[in-house]
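# Architecture at a glance
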Amino acid sequence: MREAAVGTIARQAEGLLKVRQIRFHYSSQATVRQDGERGFEIGPMDLAVRPGEVLSVCGPNGSGKTTLLSLLGGWRKPQTGEVLLGGGEASRLTARERARRVAFVSQESPLLFPMTVAQFVLLGRYAYLGGTGFESAADWEAAQESLRRLTLLELASQRMDRISGGEKQRAILARALAQQPELLLLDEPTANLDLNFQVEFLALVRSLAQKEKLAVVVVLHDLNLAAEFSDRVLLLRRGKALRLGTPEEVFQQPLLESTYGLRLLVDRNPVSGRPRISIAARTSGSGDR
Amino acid sequence: MTFSPPARTRNTEGRLTLGRVCLTCGLLAVALAGAGALALHFGSAGELWRVLFGGSPATPQERVILLELRLPRVILAMLVGAALATAGACFQSLLRNPLADPYVLGISSGAALGTILTLLLAGGDTVAAPLAAFGGALAAAGVVYALGYRRGQFSGYSLLLAGMVTASFLSAIIVFLSTTLSGSDLRGLAFWLMGDLSLFPGFPLSVVALPILAGLVVVYRFAPDLNLLLLGEDEAARLGVNLKLVKTVIYVCAALLTGLSVSVAGAVGFLGLLVPHLARQLFGSDYRLLLPAGALCGAILLVAADTLARTAIAPAELPVGAFTAMAGAPLFVYLLRRRTPS
Amino acid sequence: MQFAKATTTGALAAALLLAAGTADGQVQTRNNGSAARLVRDGMGREVRVPLRPQRIVSLSPSVTETLFAIGAGDLLVGRTDYCNYPPEALRKPSVGGIVNPSLERIVSLQPDLVIASADANRIDTERALRRLRIPAYALFANTLEEVLDSIRQAGDLTGRNEQAAVVIEMLQQRMRRIERAVEGKRRPRVLFVLWQQPLISVGRSSFAGDLLERAGAASITDAIPEPWPRLSLEEVVRADPEFLIAPQGQGMQVTPGQFARPGWRQTTAARKGQIVIVEEDALRPSPRVFDALETIFRALYPEEANRLFRKTSTPGERAATEPAP
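Just so it is clear, the structure is predicted and the values come from calculations on it, not from any experiment.

All names here are of chain A. Strand order in the open sheet made by the four strands is 2-1-4-5, with antiparallel pairing throughout. Two strands lie at the open edges of the sheet, namely strand 2 (42-49) and strand 5 (88-89), each paired on one side alone. Both strand 1 (residues 17-24) and strand 2 contribute to a ladder of five bridges, which runs antiparallel. Counterpart to Lys18 in the pairing with strand 2 is Ala48. Here helix 1 (residues 65-72) sits on the sheet in contact with strand 1, strand 2 and strand 4 (80-85), set at roughly 125 degrees to strand 1.

Dropping the structure here:
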């Protein structure tokens, strides 16, 4: 177990998550990406995410979005540069310390044995368990609070395999919240949900980010959702950061067309005022959505 | 903070407290004591109820039977039952497979092979046997892990296949080796391979008892981690589990528990499958309750099975593994079929 | 809290174990006052046996038979489920199987000596008895000569030396005259079919192998050192035995059509109907094996047998042509 070289947890004015000049590539030759190409390098990249801010990471499949998340959370270490979480290097944290600072949400995987929603969410308190291995009153409170925020209290004693997909995602988010993290990372959390659940979920994430002062980084493949719910967007292609900025700055027609290899139309959503991206012409080509 | 739970459920449902664990285990411990008393009472030399509880003095023979024959055997059955049940629960979490069990996975065979090798090389009945059994179990577990691990996770079926292949291979080696044994050793082997508590080792019980108890305690310390491992290694790590440490410790402990049990009782089968399954139905799948309750249930079950083995066709004795296999194999098939649609 | 639980469990367990470990096995009185002596048993192990044992438990049918043959049957207090000869043995209480006898039953019978058979009983049983401080003596016989010696040992153990000597003398006579009768004669080719499917026979180093040799047979497996070799039917056809010997008893039955099957029926033995059935129980390393010796001899050398057995008709002899009950 490595001891962390973490200093005081001081939230800096410029941002909780600070990424400086990172470069990362898979060291093993055996790693072949989905599109059949050998591993490419991620970076160089600079980034800062503030508490309360939602940053979307978008880009074609295989751009390294998921790898980027694991770098941000400190599960992987970049070959050069550093990822700083509250001033300390993210990769130097022990698993327990990291679980108290960073929470990860992805799609649900089937559970081996049945458990209730309450038990599921309570698992998020693992990193806080004391010597006895049992949850303290404070742990229980935190889990209950988490359930409340995600309006899961009525479902608390339902079994996880008996609730809907949207409710399951909420439960996963609740468990992440129960960790009381400073940084929340989400990897395509809405991929299998109905549209209304997708919207509901991301709205929830955004409001939580603001209320709990969480720094949030979410990988989304749906550009419109990213436009609606993010403060900033990072556009990635084959590991390179093409642009970082507000949705208006990033979702621009020429950039998107060259990134995705597709004719697109970018205008303004009349209701929200955010950019709206539509397909302009049918092509048979690369660049999935 | 206020909330209003639905009328029919309590808000603490699903919350496991230390108190509940202690209460459940206390009750089970009482049941275990009862089973132990019954086991001491029954035997091929007759019932000893009056000696145990009637307060009448024991004849010298009865004393020998009770203290030197029945009592050690009952203690051994308790230890082995608890150890195998716990090892099974460990493998089920480690390998994310409810069908994992030291016998099914061939780990018991590895331990058996280790024991047989010491029998051949060192004349058996020495302290080397449990050590070699531990080594054999570790090696077999390693092989199964390596074979069943695909792209970062354990595919359910490939794991079971890996286990069966390992078990078959090791059994073949055992059969081969047994042809080199002389006649009388061979006779006992068939019995022992099935799981047999009737003859205990030449070394004092504490040689296996203390490590088994230590193993049980250590595993219990990692109960919360085992809960999280069920979610998958990645998720467990993200929630704060130190994967390397937990996996190593649990592997070693589960192999230790299996190895020691096999070295004294042979390859008792399916306990690691039967007991955790039963315990989950009764107590839920939270390892903080499942482990101690499962261990106690395993102890009770093996004591009962062994009592049956000793008395069913008395004075002849059956191998206790015959009973566990008769109950366990159908259960295995049932569980396997239930999983198929998923 | 976990540590408290652990230490309590540990303390309880330790207490129980200590109790178990220090239990005094010496409370058992098996010594009726007479002294004991140190002997080496059939496997070369040192055993301390009583000078005049009064309560003997036999762990093997061959031992039981031997004891009764030398007139020590009254000393027997326990036998196995398989000890079925002589009929008087059935009246004694049983201690279970040969491989898995009940230690409890043995202990409750308060024996001062347990006699086992090294090729039938497990060494673990003997070890366990030793740990309970019950003398365990193992007899071992892999040839007919060794059977005679184990009868002598049994006589020595039980103080029935004279009776044992008488029995040995009689058996030796029977063995020698067969030896003389077959000397110089052509030995018929024989296959001992221990098990037909899979085909298992007996090799030179087995007990039955010695029996065949003494009965004047030329076993087609003579060159094979293993005690119980598996043969292929081809080898049988190639070797063409003149006689087939098959044991019969509880464990195995010989059916009429058994050797009429392809492969078998080509053999001289099957064609001439020369199939010798031997009582399975008579193949134990006990006095009755000499009956089996005679059975085989009669089948292989009918003329010599007629001459031999017409001459002698001592009452004490048993000429066994029928299977014993």
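A word on the environment of Leu23(B). Topologically, Leu23(B) is positioned in helix 1 (residues 18-41). In the structure, Leu23(B) is positioned 55 residues away from Met78(B) in sequence and 20 Å away in space, judged by C-alpha atoms.

For the rest of this paragraph, the subject is the confidence of the model for chain B. Residues and elements named next belong to chain B. For chain B, mean pLDDT is 84; residues scoring 70 or higher make up 87% of the total. At the level of individual helices and strands, chain B shows its lowest average pLDDT in strand 2 (residues 153-154), which scores 60, and its highest in helix 9 (residues 223-229), which scores 95. Between residues 1-11, whose pLDDT stays under 50, and residues either more than four places distant or in other chains, the model counts ten contacts. The complex model carries a pTM of 0.81, and its ipTM stands at 0.84.

This next bit is on unusual backbone geometry. All names here are of chain C. Going from Tyr85 to Pro86, the amide bond is cis rather than trans, its omega being -5 degrees. Within the fold, Pro86 resides in the loop between strand 4 (76-78) and helix 3 (103-108). The residue Gln110 is not glycine, and still its phi comes out positive at about 50 degrees. Within the secondary structure layout, Gln110 lies in the loop between helix 3 and strand 5 (113-117). With a phi angle near 60 degrees, Arg133 is a residue other than glycine that sits in the positive phi range. Within the secondary structure, Arg133 sits in the loop between helix 4 (123-131) and strand 6 (136-139). Taking the C-beta count within 10 Å as the criterion, Arg133 has 15 such neighbours and is therefore assigned partly exposed.

The side chains of a regular strand alternate between both faces of the sheet. All names here are of chain A. In this structure, strand 9 (residues 232-237) lies alongside strand 10 (residues 240-245), joined through five bridges in antiparallel fashion. Its bridge partner lying in strand 10, Leu236 is registered against Ala241. With antiparallel pairing between neighbouring strands as the criterion, strand 9 and strand 10 make up a hairpin whose turn holds two residues, including Arg238 at a positive phi of roughly 50 degrees.

Now for the packing of helix 3 (residues 60-94) of chain B against helix 12 (residues 271-283) of chain B. The axes of two packed helices give the description: the angle between them and the distance between them. Residue and element names in this part refer to chain B. Interhelical geometry of helix 3 versus helix 12 gives an angle of 80 degrees and a closest axis separation of 7 Å. The angle between helix 3 and helix 12 places the two elements in the roughly perpendicular class. Between helix 3 and helix 12, the residues in contact are Gly81, Leu84, Ala85, Ala87, Gly88, Ala89, Phe91 and Gln92 and Leu271, Gly272, Leu273, Val275 and Pro276, respectively. Residue classes in the contact of helix 3 with helix 12 are distributed as nine nonpolar, four polar and no charged.

Moving on, we come to the sheet that holds strand 6 of chain C. Residue and element names in this part refer to chain C. Here we have four strands laid out as an open sheet, ordered 4-3-5-6, and parallel in their pairing. What marks the edges here is a single partner per strand, and that holds for strand 4 and strand 6. Strand-to-strand twist across the sheet, computed as the mean angle between neighbouring axes with direction ignored, equals 35 degrees. Sheet topology places strand 5 next to strand 6; four bridges connect them, and they run parallel. Residue pairing for strand 6: Ala116 is matched across the bridge by Ala138.

Procedures and definitions
- Residues numbered from 1 in each chain as written.
- Chains lettered and ligands numbered in written order.
- Predicted model: local features only at pLDDT ≥ 70, side-chain atom pairs only at ≥ 80, totals over all residues.
- Pairing = 2+ DSSP bridges.
- Helix = DSSP H or I, 4+ residues; strand = E, 2+ residues; numbered from the N terminus.
- Contact = placed C-beta atoms within 7 Å.
- Axes fitted to C-alpha atoms, helices over the stretch in contact; angles between N-to-C directions.
- pLDDT = per-residue confidence, 0-100.
- Buried ≥ 20, exposed ≤ 12 C-beta atoms within 10 Å, placed from the backbone.
- Parallel < 35°, antiparallel > 145°, perpendicular 65-115°, else oblique.
- Nonpolar A, V, L, I, M, F, W, Y, C, P; charged D, E, K, R; others polar.

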